[in-house]
Structures are given as structure tokens and as C-alpha cells.
Amino acid sequence: MLLQLLTAVAALAGAAVSLLAEGSGAGAISGILPFTAGGFIYLGTVSVLPEILRDSGPFQALLQLLALLAGVAMMLLIAHYE
């Protein structure tokens with residue numbers, strides 16, 4: 001429970017920092033966006049991917065891996081064109 005509390009406090013701190021950096025311009029956003037995207041990619045590969053590969057057949061695992069990579073590609077496209 002203590003680790004969940006720590007995670008919640010870190011989420012609130014991250015939200016506060018992002019709200020404070022909102023008016024700071026592109027410099028603050030260019031530092032926050034890669035950190036946030038890296039967090040999502042880390043969660044997807046470390047916690048979700050082993051579970052996907054363990055509970056499904058090879059074809060289903062390949063489809064789910066391709067869907068994960070498509071999600072990463074979409075994040076890159078959004079970051080590039082935004």
C-alpha cells in the first residue's frame with residue numbers, strides 16, 4: 001500500500017509540474033514529452049509484453065506485439081507532427 005501511495009503522490013507531482021510548465025513554452029514541453037513517452041513504452045514492454053507472450057499462442061503473440069509497436073509508432077508520429 002505504501003508503494004501505491006508513493007505512485008499516486010508521484011502522479012500528482014507530475015501533474016502539478018506539467019500544469020506549471022504549461023506556459024513556459026516549447027523548451028519545457030520538449031523535456032517532458034520524451035520522459036512521458038518513455039514511461040509508457042517502459043510499462044508496455046516490461047509489464048505487459050511478458051504477460052502477452054505467456055498466455056497466448058505464437059500467432060496471437062505476434063499480432064499483439066505488432067499492435068504494441070503500432071502504438072509506439074503512433075506516439076512518434078503524434079510527437080513529430082504536433
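Values in this document were obtained by computation on a predicted structure and should not be read as measured data.

### Quick word on the overall build of the protein chain
Within the protein chain one finds 3 helices and 0 strands. Counting from the amino terminus, helix and strand elements in the protein chain follow one another as α-α-α. With 82 residues in all, the protein chain has 6% of them scored as buried. Counting every atom, the protein chain has about 6700 Å² of accessible surface; 77% of that belongs to carbon and sulfur.

### A short note on the UniProt feature "signal peptide" (unreviewed entry) in the protein chain
As recorded in UniProt, the feature "signal peptide" (unreviewed entry) lies at residues 1–18. Annotation note: span residues 1–18, helix share 94%, strand share 0%, distance between end C-alpha atoms 26 Å.

### Focus: the UniProt feature "transmembrane region" (unreviewed entry) in the protein chain
Mapped onto the present numbering, the UniProt feature "transmembrane region" (unreviewed entry) falls on residues 31–49 and 61–81. Taken as a whole, residues 31–49 contains 100% helix and 0% strand, while its terminal C-alpha atoms sit 27 Å from one another.

### Structural notes on the confidence of the model for the protein chain
Of the residues in the protein chain, 88% reach a pLDDT of 70 or more, and the chain-wide mean stands at 78. Of all the helices and strands in the protein chain, helix 2 (residues 26–54) carries the lowest mean pLDDT, 74, while helix 3 (residues 58–81) carries the highest, 84.

### Thoughts on the environment of glycine 14
Locating glycine 14 in the fold gives a position in helix 1 (residues 2–20). Of the residues examined, glycine 14 reaches a relative accessible area of 38% and is grouped as partly exposed. Sequence separation between glycine 14 and threonine 36 is 22 residues, and the spatial gap between their C-alpha atoms is 9.7 Å.

How each quantity is defined
Chains are numbered independently. Their residues run from 1 in the order of the written sequence. Under the rules for a predicted model, residues below a pLDDT of 70 receive no local features and side-chain atom pairs below 80 are neither given nor counted, while totals for whole chains, interfaces and linings still include all residues. Computation of side-chain values covers all heavy atoms of the structure but excludes hydrogens and water. In DSSP terms, a helix is any run of H or I states spanning at least four residues, a strand is any run of E spanning at least two, and both are numbered starting from the N terminus. When accessible area is computed with a 1.4 Å probe and restricted to protein chains, residues below 20% of their type maximum are described as buried, those above 50% as exposed, and intermediate ones as partly exposed. Each accessible area is a Shrake-Rupley estimate made with a 1.4 Å probe; only the visible protein chains count as cover when residues are assessed. UniProt positions are given in the numbering used here, feature names are shortened, and annotations may be inferred rather than shown by experiment. Every residue gets a pLDDT, meaning the predictor's confidence in that residue, from 0 to 100.

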